[in-house]
Amino acid sequence: MVKSITANPQGQFSVEDYTVFTIMLGISTAIGVYFGFFQKKKNQTTEEYLLGGRKMKTFPIAISLIASQLSGVSIMSVPAEMYSYGAQYWIIAPTMIVITMIINYIFVPVFYDNHITNCYQYLEDRFSPAVKKFVTFTYVLNIYLILPIFIFIPALAFSQVTGINIHLINGIVCSVCIFYTMFGGIKAVVWTDVVQGLIMFVSCFLVVVIGVAKIGGLSEVYERAAAGGRLKIFDMTLDATTRQTFWTASVGNLFLWTGYLGLSQSCVQRIVSVPSMRQARTALWIFCIGFIIIMTLNCFTGIVIFAKYFDCDPIKVGLVQKADKLLPFFVQDVVGNLKGMPGVFISCVFSAGLSTMSANLNSLAGLIYEDYIRPFKLFKHTDASAHRTMMLLIFVSGVYCIAMGLIVEQFGHILQMVVTIASVTQGAVMGIFCLGMLWPWANKHGALWGSASSVIVMSWIIAGAQIAISKKEITYPPKTTSVEGCYEYGFNVTADDFLTLVAPQEEAEFSIFNISFVWYSTVGTFMVFLVGIPVSYFTGSQDMRNFRPKLISPLVQWLLPDEVRQNEFSLKAENDKLNIGPIKEWTFTANETEKYKERHGGIIEQTL
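Attention here is on the structure that accompanies the text. (Residues numbered from 1 in each chain as written. Predicted model: local features only at pLDDT ≥ 70, side-chain atom pairs only at ≥ 80, totals over all residues. Heavy atoms only, no water.)

Below, the discussion takes up a nonpolar patch on the surface. Residues Phe201, Val202, Phe205, Leu206, Val209, Ile289 and Ile293 make up a contiguous nonpolar surface patch of about 570 Å² in total accessible area. Contributions of two or more residues to the nonpolar patch are made by helix H9 (166-215) and helix H13 (277-308). Tallying contributions element by element places H9 first for the nonpolar patch, with five residues. Taking relative accessible area as the criterion, Phe205 reaches 41% and is therefore assigned partly exposed. (Patch = residues over 30% accessible without salt bridge, like charges linked within 9 Å, V, L, I, M, F, W, Y side chains within 5 Å. Areas by Shrake-Rupley, 256 points an atom, 1.4 Å probe, with all protein chains shown as cover. Salt bridge = Lys/Arg side-chain N within 4 Å of Asp/Glu carboxyl O. Helix = DSSP H or I, 4+ residues; strand = E, 2+ residues; numbered from the N terminus. Buried < 20%, exposed > 50% of the residue type's maximum accessible area, 1.4 Å probe, protein only.)

Rendered as structure tokens:
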């Protein structure tokens, strides 16, 4: 081990490595230049900038979704999860099939039937402006807390490998991302995601293949991993306090990822940018297949890392400070002697970070402009003024990410804290959309009180859990690792050096604070229903006389009374007569009733 590391010392990037990394940044910049200056229309509309005119191609959108959902943090932490706790987390890969079905057949039809491009606009149409403002605020706050992490973690890995100042590289890479996102719009974001997604796949694949070859083949990897207890996938333990089981990895992640993929503006914005619902569904199924492949590859990387160090844990001997840094260490050790391979790996981590950052910058700009700037009418709204304002918002948000790097560096546990804060609202968002689409009788009072109660309860649970963690009352000890073979690499250590005596304890009573963090989104979602449904009932339920069936998912429209299901406005026939074209703005802020009144002088015709 020592020889393999010193053969390519950390802190020494070769010329080939720098070349590979520079090419990756250069391609991203070139895409921004192309879409921002050469293919840019003279009078670019807001819809063109944020949705590509709703003419985006299915396959690039699918690849963009894959790239943006796998951040640099995921690339680093998933192999560490496999190394420390075994293969249980892999269950998220096949679970994505169910998640995709839920999004395709519950959420997507509602978004397309109601012409939704800002997913939070649905909450105003279904409930009230107050509900929309509450959820939008939580989304914007969460994104601004997490966004600096997505790009800072790759910068940290690059700095450790090359010795370059972390803030310098963070500033350079963020500037590239700001440039192509600001000038190129959604088209630049999507096509850079395609390039970066390919880099991610090629890099992970090469690292795994070379690692397996150096270990001695797949059979040797399997034998070592099985002996170390890393291949147990179906742990059917029903204890909710266990960190990872089959149920947490499947059911818990079902709620977490459904909300993250299907109900976040950065994803919905791309899903509805293709011309039809059929193409949107196809894009999501392609995403599902790609996600399963990449996640499986990423999980297997962690198993390969364990097989490589099965008899000498780099963490225990002090070569690596914590599990999250194992992957860069493994890359340096296994492929560091191959010129350009460390550069490919660093490009992979940065590609994941850039794709996530650019997608969120683009969606944030549109959301903030539409919800927080345009309503105040500070200036006359035109496509040109909207375009300039959103470019400025992207620039300011990008500069904020660079500046926040100074704070991220100071607090070693900020990543854990940010993810925890995000969990406070994730369940509320998932719950309120499901309440609106699946329970026709839910009203604005139930939605607001349900989501607020979810946030309050989850804040209480998470705060209690953090206190328990700080007191060492909650711990997640990793699976056993060995140091028996370390003497072969020059380390004079034995297993006895790492024995920890733990006093036997009586079985503790169940505490809500001890539940696995994977369950937070699930608990938060059910809290919305537990509060929202009774509050809706006691405040009169939803008034069905003016209710639009299209606001309910097609799967449950049979719950509606017959007169409501037949209560469709004759807009289609009128539009055909008047030859009304599609609305050009990227969001549709008025509900269907108001639109009809505006077009027909306040008279509403209904076909019963």
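Further remarks concern unusual backbone geometry. The phi angle at His115 is positive, at roughly 55°, despite the residue not being glycine. Along the polypeptide, His115 turns up in the loop between helix H6 (92-113) and helix H7 (121-126). With a phi close to 55°, Ser541 is a non-glycine residue in the positive phi region. Along the polypeptide, Ser541 turns up in the loop between helix H19 (520-538) and helix H20 (562-565). Taking relative accessible area as the criterion, Ser541 reaches 25% and is therefore assigned partly exposed.

Before going further, it helps to examine empty space enclosed by the protein. All told, the structure shown has eight cavities of 30 Å³ or more when counted by the stated rule. By volume, the second largest cavity amounts to about 60 Å³. Along its surface, the second largest cavity is lined by Ile75, Ser203, Cys204, Val207, Asn298, Thr301, Leu327, Phe345 and Cys348. Those elements that provide at least two residues to the lining of the second largest cavity are H9, H13 and helix H15 (341-373). The element best represented in the lining of the second largest cavity is H9, accounting for three residues. (1 Å grid on protein atoms, 1.4 Å probe; cavity = no way out; pocket = protein on both sides within 12 Å on 5 of 7 lines; lining within 4 Å. Points joined across faces, edges and corners; volume = space filled by probe spheres on them.)

Interhelical geometry of helix H14 (residues 326-335) versus H15 gives an angle of 160° and a closest axis separation of 9 Å. In terms of orientation, H14 lies roughly antiparallel with respect to H15. H15 is crossed by H14, and the crossing has right-handed handedness. Residues Leu327, Pro328, Val331, Gln332 and Val335 of H14 form the contact with H15, whose participating residues are Met341, Pro342 and Phe345. Looking at the contact of H14 with H15 residue by residue, the class counts come to seven nonpolar, one polar and no charged. (Axes fitted to C-alpha atoms, helices over the stretch in contact; angles between N-to-C directions. Parallel < 35°, antiparallel > 145°, perpendicular 65-115°, else oblique. Left-handed = near helix turned anticlockwise from the far one by under 90°. Contact = heavy atoms within 4.5 Å. Nonpolar A, V, L, I, M, F, W, Y, C, P; charged D, E, K, R; others polar.)

Remember, this is a structural readout, not a statement about activity or role.
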